[in-house]
Amino acid sequence: MHEVTVMTRQGCSLCVTAEQEVERICGELGVPWSLTDVDTDPELRAEYGDLVPVILIDGKEHGYWRVEEDRFRQALTS
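Since the structure is predicted, the reported quantities are computational estimates derived from the model, not experimental observations.

**A word on the pattern of salt bridges**
Stage number 1. A full pass over the atoms with the stated rule returns 7 salt bridges.
Stage number 2. In this structure, Glu 69 and Arg 24 form a salt bridge, with 2.9 Å as the shortest nitrogen-oxygen distance. Highlighted residues: Glu 69 in helix H3 (residues 69-77) and Arg 24 in helix H1 (residues 13-29), separated in sequence by 45 residues.
Stage number 3. Classification of Arg 24 as partly exposed rests on a relative accessible area of 36%.

**Observations regarding empty space enclosed by the protein**
Stage number 1. Inspection of every chain in the model, using the stated rule, returns 1 cavity of 30 Å³ or more.
Stage number 2. Roughly 40 Å³ of internal volume is contained in the largest cavity.
Stage number 3. Ile 55, His 62, Gly 63, Tyr 64, Arg 66, Val 67, Glu 68, Arg 71 and Phe 72 are the residues that line the largest cavity.
Stage number 4. Elements that contribute at least two residues to the lining of the largest cavity include exactly strand E4 (60-64) and H3.
Stage number 5. No other element matches E4, which puts 3 residues into the lining of the largest cavity.
Stage number 6. Within the lining of the largest cavity, the residues separate by chemical class into 4 nonpolar, 2 polar and 3 charged.

**Considering H1**
Stage number 1. With 17 residues, H1 ought to run about 24 Å at 1.5 Å a step, and its terminal C-alpha atoms sit 25 Å apart, in line with that.
Stage number 2. Buried within H1 we find Cys 15, Ala 18, Glu 19, Val 22, Ile 25 and Cys 26. The buried residues of H1 all sit within an arc of 145° when viewed along its axis, so they share a single face. In this structure, H1 carries Ser 13 and Gly 27 as exposed residues pointing more than 90 degrees from its buried face.
Stage number 3. Buried-residue contacts for H1 involve strand E1 (4-8), strand E2 (33-37), strand E3 (54-57) and H3.
Stage number 4. Gly 30 occupies a position one or two residues after H1 and carries a positive phi of about 70°.

**Considering the packing of aromatic side chains**
Two aromatic rings are characterised by how far apart their centres lie and by the angle between their planes.
Stage number 1. Following the criterion strictly, the structure yields 1 aromatic pair and no others.
Stage number 2. Ring centres of Tyr 64 and Trp 65 lie 4.7 Å apart, and the angle between their planes is 80°; this geometry places the pair in the edge-to-face category.

**A short note on the sheet that holds E4**
Stage number 1. Strand order in the open sheet made by the 4 strands is E2-E1-E3-E4, with mixed pairing throughout. Of all the strands in the sheet, the pair left with one neighbour each is E2 and E4. The sheet shows a mean angle of 25° between the axes of neighbouring strands, taken without regard to direction.
Stage number 2. Sheet topology places E3 next to E4; 4 bridges connect them, and they run antiparallel.

Rules used throughout
- Residues numbered from 1 in each chain as written.
- Predicted model: local features only at pLDDT ≥ 70, side-chain atom pairs only at ≥ 80, totals over all residues.
- Heavy atoms only, no water.
- Salt bridge = Lys/Arg side-chain N within 4 Å of Asp/Glu carboxyl O.
- Helix = DSSP H or I, 4+ residues; strand = E, 2+ residues; numbered from the N terminus.
- Buried < 20%, exposed > 50% of the residue type's maximum accessible area, 1.4 Å probe, protein only.
- 1 Å grid on protein atoms, 1.4 Å probe; cavity = no way out; pocket = protein on both sides within 12 Å on 5 of 7 lines; lining within 4 Å.
- Points joined across faces, edges and corners; volume = space filled by probe spheres on them.
- Nonpolar A, V, L, I, M, F, W, Y, C, P; charged D, E, K, R; others polar.
- Expected span 1.5 Å × (residues − 1).
- Arc of directions from axis to C-beta.
- Contact = heavy atoms within 4.5 Å.
- Phe/Tyr/Trp six-rings, centres within 6.5 Å; stacked < 30°, edge-to-face > 60°.
- Pairing = 2+ DSSP bridges.
- Axes fitted to C-alpha atoms, helices over the stretch in contact; angles between N-to-C directions.

As C-alpha cells, this is what we get:
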C-alpha cells in the first residue's frame, strides 16, 4: 500500500486545489494521505518552499505545482 504526503503551506491557492484533488483520488483508491506544512520546518522550507504543493508518494517526490491525475493514479495503482 502506498502513502501520499502533500507538502503545502498556508495561503497557497495551488496547495488548496492539490489537496482537494489528492483527497478525492486517494479516497477513491483507499490510499492514506497526509499534509505537511513546509513552513513548520526550516529544512522542509528550504527543500520544497519554491515548489509547493509537492506530492510525495512513499516519501519520494512524484510531482509539484499540479496533480497530473492520470499519472498520479497510475503511480498509486502500480
